[in-house]
Amino acid sequence: MAPADPTTPFDTPIHVVRPRLPDLEGFVERLRTVWASGWLTNGGAQHVELELRLRQMLGVSSLSLFNNGTMALLTACRALSLGGEVITTPFTFPATPHVLGWLGATPVFADIDRATLTIDPGGIEPLITPQTTGILAVHVYGTPCDVDRLEDIARRHGLKLVYDAAHAFGVRVGGRGIGTFGDASAFSFHATKVFHTAEGGALACRDPELGDHVALLRNFGIRNEEEVELPGLNGKMNELQAALGLSVLDGLADEWHARRQLSAVYRTALADLPGLTLPGPATAEGGLLYYVIRVDGDRFGCSRDELQRRLRELNVFTRKYFYPLCSDYPCYRHLASAAPSSLPVAREAAAQVLCLPLHAGVTPEQAATIGLMIRSCAAGGIAAAGMAAVSIR
Ligand code: T4K
């Protein structure tokens, strides 16, 4: 089927992400079980089942569910006693540096790698001081960090290594679940993620003792009715979230399949456009959270922001994850490591990235049309040439 006319706006908005809504009957069936049990939170049956299934699916030995990804990350950093200075990336969601701030630690921003947009291991060692306690790295868009080099640096300097794996659900490196790297990895199950529980998250820990510690911190430090061991908080996932997660899991293969298909359509539709960099081909190993293009305005023919504006007029809602850089927020820009001159790669990426709609609610035909819309924003002549090239099988 041919794509639609790229100059006509879509009838309904096409969002950058949409939560996967599971079969409602199946979800209601699960809710009936919850109702019958009279058990709504604090480690009920749905929680136990989801934790077990995710542990197996993610290939991790220790996993604790949380009420959101931020609490999982905060608890990881607290359990590992991160304080003083922690080296992290500016190219991320605010949650990453903010958890450090909540623990009284100072984020120290390192630049990112040009190809992966994850923290550049080569820039970390010059930033290590006697105050440094750890590295907080992010698998941005589900692209794995250079886990071997980070592990090596952390080991040689006696630093803790925490991964913000909010984007990396289901990602594997060399057959190993992404959550098995570092001391701990925090996942987000927010509604906008491939796998979600509306709000939710999980923490995978390498050391089972750390996992036990984390499970206590998640529940006020309560060991049993008569013992409170630690100053924990409330990070618990409830039964409604867990039931939703179990229902979403059932359709996950379809969601991944749809996203792989859309990625392939975008790849064809946007091939060979000067000034546009596309992500590598989608792999079968999880990820696929966003389809992120990079727009070099000078060569493309219009700026990234202009492209976003024009797409919005056509009812296509993209996002600039992650602009602005965290190091530019008013709460961090006074830091020495936030100096623009020390973060050139991150700065360039933040100025160029644009996330295109990628979820099962977008049809391949719509993705092809979005491809043509983007072509028509590029330098003159290319649009017409591209029209003929894009067709959907
Ligand atoms: N670390 C990293 C690297 C992260 O990216 C995140 C979260 C975290 C940590 C923290 O994890 P959580 O504590 O959130 O579990 C969204 C998400 O709220 C956030 O979870 C996510 N990262 C971030 C990248 O994206 P916003 O502020 O951009 O979301 P919002 O409300 O503008 O929604 C984006 C689009 O999604 C909308 O255009 C429409 C669509 N949408 C959204 C919601 C909530 C829907 O269609 N339905 C919905 O229910 O942060």
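The structure presented is a predicted model; accordingly, all values stated were derived computationally and were not measured.

Thresholds, definitions, all that
- Residues numbered from 1 in each chain as written.
- Predicted model: local features only at pLDDT ≥ 70, side-chain atom pairs only at ≥ 80, totals over all residues.
- Heavy atoms only, no water.
- Near = heavy atom within 4 Å.
- Polar contact = N/O pair within 3.5 Å; in protein donor to acceptor, adjacent residues only side chain to side chain.
- Areas by Shrake-Rupley, 256 points an atom, 1.4 Å probe, with all protein chains shown as cover.
- Helix = DSSP H or I, 4+ residues; strand = E, 2+ residues; numbered from the N terminus.
- Nonpolar A, V, L, I, M, F, W, Y, C, P; charged D, E, K, R; others polar.
- Axes fitted to C-alpha atoms, helices over the stretch in contact; angles between N-to-C directions.
- Parallel < 35°, antiparallel > 145°, perpendicular 65-115°, else oblique.
- Left-handed = near helix turned anticlockwise from the far one by under 90°.
- Contact = heavy atoms within 4.5 Å.
- Expected span 1.5 Å × (residues − 1).
- Buried < 20%, exposed > 50% of the residue type's maximum accessible area, 1.4 Å probe, protein only.
- Arc of directions from axis to C-beta.
- Salt bridge = Lys/Arg side-chain N within 4 Å of Asp/Glu carboxyl O.
- Disulfide = S-S within 2.5 Å.

With that out of the way, let us pick up the site of the ligand. In the vicinity of the ligand there are 24 residues, among which Arg18, Thr70, Asp164, Ser188 and Tyr321 approach most closely. Interatomic distance of 2.9 Å between a backbone N/O atom of Gly69 and an oxygen atom of the ligand. Here an oxygen atom of the ligand and a side-chain polar atom of His190 are 3.2 Å apart. Burial of the ligand by the surrounding chains reaches 77%, relative to a free accessible area of 920 Å². Elements that contribute at least two residues to the shell around the ligand include exactly α3 (69-79) and α4 (95-102). Residue composition of the shell around the ligand, by class: nine nonpolar, eleven polar and four charged.

It is at 10 Å that the axes of α3 and helix α6 (residues 208-218) come closest, and there the two elements cross at 120 degrees. With respect to α6, the element α3 is oriented oblique. Like other packed secondary-structure pairs, α3 and α6 cross with a definite hand, here right-handed. Contact residues: Thr75, Arg78 and Ala79 in α3; Leu210, His213, Val214 and Leu217 in α6. Split into classes, the residues belonging to the contact of α3 with α6 amount to four nonpolar, two polar and one charged.

Let us now look at helix α12 (residues 364-377). For α12, built from 14 residues, the straight-helix expectation of 20 Å at 1.5 Å per residue is met to within 8% by its first-to-last C-alpha distance of 20 Å. By the criterion of burial, α12 is predominantly enclosed, with eleven of the 14 residues buried. Where α12 is concerned, the buried positions are Pro364, Ala367, Ala368, Thr369, Ile370, Gly371, Leu372, Met373, Ile374, Arg375 and Cys377.

With that settled, consider helix α5 (residues 147-157). Those residues of α5 lying buried are Val147, Leu150, Ile153 and Ala154. Relative to the axis of α5, the buried residues are bounded by an arc of 130 degrees and lie together on one face. The exposed set on the far side of α5, more than 90 degrees from its buried face, consists of Asp148 and Arg155. Where the residues of α5 are buried, they touch β4 (132-138), β5 (160-164) and β6 (172-173).

Now for the environment of Asp328. Summarising the element assignment, Asp328 is placed in the loop between α10 (304-313) and α11 (344-352). Classification of Asp328 by relative accessible area gives partly exposed; the value is 26%. Linking Asp328 and Ser376, residues 48 residues apart in sequence, is a C-alpha distance of 33 Å. Each residue touching Asp328, except ones within four places of it in the same chain, is listed here: Arg333 and Arg347.

For the rest of this paragraph, the subject is the pattern of salt bridges. Tallied over the full model, the rule gives 23 salt bridges. Residue Arg156 is joined to Glu125 by a salt bridge in which the shortest nitrogen-to-oxygen separation is 2.9 Å. In this pair, Arg156 is assigned in helix α5 and Glu125 in the loop between β3 (106-109) and β4, connecting sequence segments 31 residues apart. Residue class for Arg156 comes out partly exposed when judged on its relative accessible area of 45%.

Mapped onto the elements of the fold, Asn224 is located in strand β10 (residues 222-224). Overall, the relative accessible area of 33% leaves Asn224 in the partly exposed class.

This paragraph deals with the state of the cysteines. Following the criterion strictly, the structure yields zero disulfides and no others. In this model Cys326 remains outside any disulfide bridge; the closest cysteine sulfur is found in Cys331, 8.5 Å from its own. We classify Cys326 as buried; its relative accessible area is 0%.

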